[in-house]
Amino acid sequence: MQATSYTYDPETRTGSVLLDDGTPVEFDAPAFDAGGLLLLRPGQRVRIEGEGTGAALRITLVTLQTF
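What you are looking at is a predicted structure, and each value in this text was computed from that prediction instead of being measured.

A. Structural detail: the overall build of the chain. Helix and strand counts for the chain stand at one helix and five strands. Moving toward the C terminus, one meets the helices and strands of the chain in the order β-β-β-α-β-β. Here the C-alpha radius of gyration of the chain, 10 Å, is about what a compact globule of 67 residues would show, namely 11 Å. The principal-axis extent of the C-alpha atoms belonging to the chain is close to 25 × 25 × 20 Å. Split into buried and exposed, the 67 residues of the chain put 33% on the buried side. Partitioning the intrachain contacts of the chain with sequence separation of at least 6 by distance along the chain shows that 42% fall at a separation of at least 24. Summing over all exposed atoms, the chain offers an accessible surface of approximately 4200 Å²; the carbon and sulfur share of this is 54%. Of note, the chain has its 5 positive side-chain charges centred 6 Å away from the centre of its 9 negative side-chain charges.

B. Region of interest: the sheet that holds strand β4 (residues 45-51). The five strands are arranged β3-β2-β1-β4-β5 in an open sheet whose pairing can be described as antiparallel. A single partner strand is all that each edge strand has here, and the edge strands are β3 (24-27) and β5 (58-64). Between one strand and the next, the sheet's axes are offset by a mean angle of 45°, whatever the strand orientation. Two strands pair when backbone bridges link them, and strand β1 (residues 2-9) and β4 are joined in this way by three bridges, in the antiparallel orientation. When the bridges of β4 are listed, A3 appears paired with V46.

C. Looking closely at the pairing of β4. With six bridges joining them, β4 and β5 adopt antiparallel strand pairing. Residue pairing across strands places G50 opposite I59, the latter belonging to β5. Once β4 ends, the chain turns through six residues before running back antiparallel as β5, passing G52 with a positive phi of about 85°.

Reading the values: the criteria
- Residues numbered from 1 in each chain as written.
- Predicted model: local features only at pLDDT ≥ 70, side-chain atom pairs only at ≥ 80, totals over all residues.
- Heavy atoms only, no water.
- Helix = DSSP H or I, 4+ residues; strand = E, 2+ residues; numbered from the N terminus.
- Rg over C-alpha atoms; globule rule 2.2 N^0.38 Å.
- Buried < 20%, exposed > 50% of the residue type's maximum accessible area, 1.4 Å probe, protein only.
- Contact = heavy atoms within 4.5 Å.
- Areas by Shrake-Rupley, 256 points an atom, 1.4 Å probe, with all protein chains shown as cover.
- Lys, Arg positive; Asp, Glu negative; His and termini not counted.
- Charge placed at Lys NZ, Arg CZ, Asp CG, Glu CD.
- Pairing = 2+ DSSP bridges.
- Axes fitted to C-alpha atoms, helices over the stretch in contact; angles between N-to-C directions.

Below you can see the structure in the form of structure tokens.
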């Protein structure tokens, strides 16, 4: 699934993304660490993986979108 980076705190390695429908979804440090990223800037296109759907969606991986 694709999304756009919305917020990121480098101290806690947590943040949020916006799904393509505009829904914000937060991610925790383990999801950020699983992607191997060092930094995330607002507006970057990312690929996410998660568990659950809708309001119960929990992001398990955040990485940069590559083509």
